[in-house]
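So you can see what is in the structure, the chains are spelled out below.
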Amino acid sequence: MSDPISPLINALHNQGRLRVWSLVITAFGDLVQDRGGEISTARLGALLNRVGIEQGTLRTALSRLNRDGWVTSTRSGRLSLYRLSEQGLDRFAPATTQIYAAPQTVPVSRWAMTLNIAADGIQQIELSPADADIPPADLRLTGSIETISESYRATLLGEGHRHALEGLRDDLEALESARLESDLDAAASRLLLIHRWRRITLRYGDIAPELMPADAPLKNPRLAVAQAYRRLAPAAETWLDSADGDLAPMPPADARLARRFGGLQEA
């Protein structure tokens, strides 16, 4: 029987040299921080083994994160427990808001165009929803868009961003048709989905759906991710609640989980 999440696992390993330490940080942000902030090597190992990461590779990644000040560890019997350090939290916390921000679900009616002049005199112009959190600018105009050409839209979606969205689209399509066989499958799928999304949104930011080129791989990537996340969340959370051998149940999720992507109960 074929592995229902093999397309996502293969995509993870085919994107060049895999930075396992980065995948571990994604796991902390998505599956650990809202459940007491601490995870055992047994549970983390089971999760990463499901996506093709061997125990030795995980130990190396955790050792690096510890050495670089991202995580701290304590012992509990024969298990090690890991949590993000204060330094790790300071680094990761600002990204959380961007990763799990609510998707745009209604059309934008009021826009802001900002212009900034760089030190070399080059003018940088950006267009975004007027209610977005926009840093101070040298010039800001607000109003409605009367005309926007396809050629202008094309300038907003660079080649790297387009390629990244193509990979995200493929993952979402694979998840749509996958018949997950266990709660661990759901937790692993959620990890892989957020790992890809984390890299996209932190590197490229968001483009409003109204500004996306007609041939964009996804019209509203954040909404598509939110919808997939909401489908995966219940079973993934059940796995985190489960006990099996060395896997003790994790603490219950706090209220932050339910607020991700604007609310996990949203339609």
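Structure: see above.
None of the values given here were measured: they were computed from a predicted structure.

A. Local environment of the overall build of the protein. The helix and strand inventory of the protein stands at 10 helices and 6 strands. Taken over the C-alpha trace, the protein has a radius of gyration of 20 Å; the compact-globule value for 267 residues is 18 Å, and the two agree within 12%. For the protein, buried positions account for 45% of its 267 residues. Contacts in the protein between residues far apart in sequence, at least 24 positions, make up 73% of those at least 6 positions apart. For the protein, the distance from the average position of its 30 positive side-chain charges to the average position of its 33 negative side-chain charges is 4 Å.

B. Summary view of a nonpolar patch on the surface. The grouping of Met113, Ile125, Leu139 and Leu141 at the surface amounts to a nonpolar patch, some 360 Å² of accessible area in total. Its location among the elements puts isoleucine 125 in strand β5 (residues 123–129).

C. Layout of the pattern of salt bridges. Taken as a whole, this structure holds 18 salt bridges when the rule is applied. Ionic pairing is found between glutamate 176 and arginine 231, a salt bridge with its closest N-O pair at 3.2 Å. Within this pair, whereas glutamate 176 is found in helix α7 (residues 159–177), its partner arginine 231 is found in helix α9 (residues 221–241), the two being separated by 55 residues in sequence. Linked by salt bridges that have partners in common, Asp30, Asp34, Arg35, Arg190, Glu237, Asp241, Asp254, Arg256 and Arg260 make up one network.

D. Structural view of the environment of glutamine 123. Tracing the chain through its elements places glutamine 123 in strand β5. For glutamine 123, the residues in contact, after removing those within four places along its chain, are Leu115, Asn116 and Ile117.

E. How the structure looks around the nonpolar core. Of all hydrophobic cores here, the largest spans 73 residues; its most connected members are Val24, Leu47, Leu48, Leu168 and Leu193. Once residues lying within four places of it in the same chain are set aside, the contact partners of leucine 48 are Val20, Leu23, Val24, Ile53, Leu58 and Leu191.

F. Representation of the sheet that holds strand β6 (residues 139–143). The strand order β5-β4-β6 describes an open sheet built from 3 strands, whose pairing is antiparallel. For this open sheet the edge positions go to β5 and β6, each flanked by a neighbour on one side alone. Strand-to-strand twist in this sheet, taken as the mean axis angle between neighbours without regard to direction, amounts to 15°. Inspection of the sheet shows strand β4 (residues 111–117) paired to β5 by 7 bridges, in the antiparallel sense. Counterpart to tryptophan 111 in the pairing with β5 is proline 129.

G. Structural detail: the environment of leucine 175. When you line up the elements, leucine 175 lands in helix α7. Each C-alpha atom, one on leucine 175 and one on arginine 91, is 30 Å from the other, the two residues being 84 residues apart in sequence. In contact with leucine 175, not counting residues within four places along its chain, are Leu8, Ser189, Leu193 and Leu232.

H. Structural view of α9. Across its 21 residues, α9 extends 29 Å between first and last C-alpha, which sits within 8% of the 30 Å expected from 1.5 Å per residue. The largest bend in α9 comes to about 40°, at alanine 233, with the proline proline 234 one to four residues further on.

I. View of the packing of aromatic side chains. Evaluation of the coordinates by the stated rule reveals 3 aromatic pairs. Here tyrosine 100 and tyrosine 229 contribute two aromatic rings whose centre-to-centre distance is 6.1 Å and whose plane-to-plane angle is 65°, an arrangement assigned as edge-to-face. Of this pair, tyrosine 100 sits in the loop between α5 (86–99) and β4 while tyrosine 229 sits in helix α9, and the two are 129 residues apart along the sequence. In terms of burial, tyrosine 100 and tyrosine 229 fall into one category: buried. Consider the rings of tyrosine 100 and phenylalanine 261, whose centres lie 5.5 Å apart with planes at 75°: the pair is edge-to-face. Highlighted residues: tyrosine 100 in the loop between α5 and β4 and phenylalanine 261 in the segment after α10 (255–258), separated in sequence by 161 residues.

J. Structural context of the packing of helix α3 (residues 41–50) against helix α8 (residues 183–204). Look at α3 against α8: their axes get within 9 Å of each other, and the N-to-C directions meet at 75°. With respect to their mutual orientation, α3 and α8 come out roughly perpendicular. Between α3 and α8, the contacting residues are Ala46, Leu47, Leu48 and Arg50 on the first element and Leu184, Asp185, Ala187, Ala188 and Leu191 on the second. Looking at the contact of α3 with α8 residue by residue, the classes come out as 7 nonpolar, no polar and 2 charged.

K. Examining the sheet that holds strand β2 (residues 71–76) more closely. Spatially, the 3 strands line up as an open sheet ordered β1-β3-β2, and their pairing is antiparallel. Edge positions in the sheet fall to β1 (38–40) and β2, since each of these pairs with one other strand and no more. Between one strand and the next, the sheet's axes are offset by a mean angle of 30°, whatever the strand orientation. In the sheet, β1 pairs with strand β3 (residues 79–84) via 3 bridges, with the strands oriented antiparallel. Following the sheet pairing, glutamate 38 is matched in β3 by arginine 83.

Calculation notes
- Residues numbered from 1 in each chain as written.
- Predicted model: local features only at pLDDT ≥ 70, side-chain atom pairs only at ≥ 80, totals over all residues.
- Heavy atoms only, no water.
- Helix = DSSP H or I, 4+ residues; strand = E, 2+ residues; numbered from the N terminus.
- Rg over C-alpha atoms; globule rule 2.2 N^0.38 Å.
- Buried < 20%, exposed > 50% of the residue type's maximum accessible area, 1.4 Å probe, protein only.
- Contact = heavy atoms within 4.5 Å.
- Lys, Arg positive; Asp, Glu negative; His and termini not counted.
- Charge placed at Lys NZ, Arg CZ, Asp CG, Glu CD.
- Patch = residues over 30% accessible without salt bridge, like charges linked within 9 Å, V, L, I, M, F, W, Y side chains within 5 Å.
- Areas by Shrake-Rupley, 256 points an atom, 1.4 Å probe, with all protein chains shown as cover.
- Salt bridge = Lys/Arg side-chain N within 4 Å of Asp/Glu carboxyl O.
- Core = buried A, V, L, I, M, F, W, Y, C linked by side-chain atoms within 4.5 Å.
- Pairing = 2+ DSSP bridges.
- Axes fitted to C-alpha atoms, helices over the stretch in contact; angles between N-to-C directions.
- Expected span 1.5 Å × (residues − 1).
- Bend = angle between axes of the 7 residues up to and from the residue.
- Phe/Tyr/Trp six-rings, centres within 6.5 Å; stacked < 30°, edge-to-face > 60°.
- Parallel < 35°, antiparallel > 145°, perpendicular 65-115°, else oblique.
- Nonpolar A, V, L, I, M, F, W, Y, C, P; charged D, E, K, R; others polar.

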